[in-house]
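Read off the chains here:
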Amino acid sequence: MRVLLLLLVAALACAQSKSGAAPSGDAQNGKKIFTSYGCYQCHGYDGHGGAGARLAPNPISFEAFSKYVRQPTGEMPPYTAKVVSEKELADIYAFLHTLPPPPPAKSVPLLDGK
């Protein structure tokens, strides 16, 4: 009985990890798209936010990212599949995964508090 339960849990975990996986994308093309479509104007070139939400590092799941890009709830305009294809969206998402975290506040003299 334990073995059966263990196999069931393992199968469910495997199915969930596959369904939530992002499609593979081209990060270099994603960077070009991020710039040419003007995403940087609100999210910054580094994806750390500004007028728009912080996108990097550690972006939200691809499923949530795609849903929000297609049907945003804030001030962001919707980007339908006619404007940004699924491949382009995957490329942008791959680019977001390449962005490093911002420097720690203590490394910025003005923010160090000394």
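Please read these numbers as outputs of a predicted model, since none were measured by experiment.

### A look at helix 2 (residues 27-36)
- Taken together, the buried positions of helix 2 are G30, I33 and F34. The buried side chains of helix 2 occupy one side of the element, clustering within an arc of 100 degrees when seen end-on. In this structure, helix 2 carries Q28, K32 and S36 as exposed residues pointing more than 90 degrees from its buried face.
- Regarding helix 2, its N-cap is D26, as a side-chain oxygen of that residue lies 3.0 Å from the backbone nitrogen of Q28 further along.
- One or two steps after helix 2, the chain reaches G38, where phi turns positive at roughly 80 degrees.

### Let's talk about the confidence of the model for the protein chain
- Looking at the protein chain as a whole, its pLDDT mean stands at 84, while 82% of the residues score no less than 70.
- Across the protein chain, the element-wise mean pLDDT spans from 40 in helix 1 (residues 2-19) up to 98 in helix 2.
- The low-confidence segment residues 1-19 (pLDDT under 50) makes zero contacts with residues lying over four places distant or belonging to another chain.

Rules behind the numbers
- The numbering scheme is per chain: residues are counted from 1 as the chain's sequence reads.
- The model is predicted, so local features are restricted to residues of pLDDT at least 70 and side-chain atom pairs to those at 80 or more, both for listing and for counting; the totals for chains, interfaces and linings are taken over all residues.
- For the side-chain quantities, the full set of heavy atoms in the structure was used; hydrogens and water were omitted.
- Note on classification: 1.4 Å probe, protein chains only; a residue is buried when its accessible area is under 20% of the maximum for its type, exposed when over 50%, partly exposed between these limits.
- Numbering of helices and strands runs from the N terminus; a helix is a DSSP stretch of H or I covering at least four residues, while a strand is a stretch of E covering at least two.
- Of all possible arcs, the one meant is that of the directions from the helix axis to the C-beta atoms.
- Polar contact is the term for a pair of N or O atoms within 3.5 Å; when the atoms are in protein, one must be able to donate a hydrogen and the other to accept it, and sequence-neighboring residues count only if both atoms are side-chain atoms.
- Values of pLDDT, ranging from 0 to 100, describe the predictor's confidence in every residue of the model.
- The contact criterion used is simple: two residues touch if any of their non-hydrogen atoms lie within 4.5 Å.

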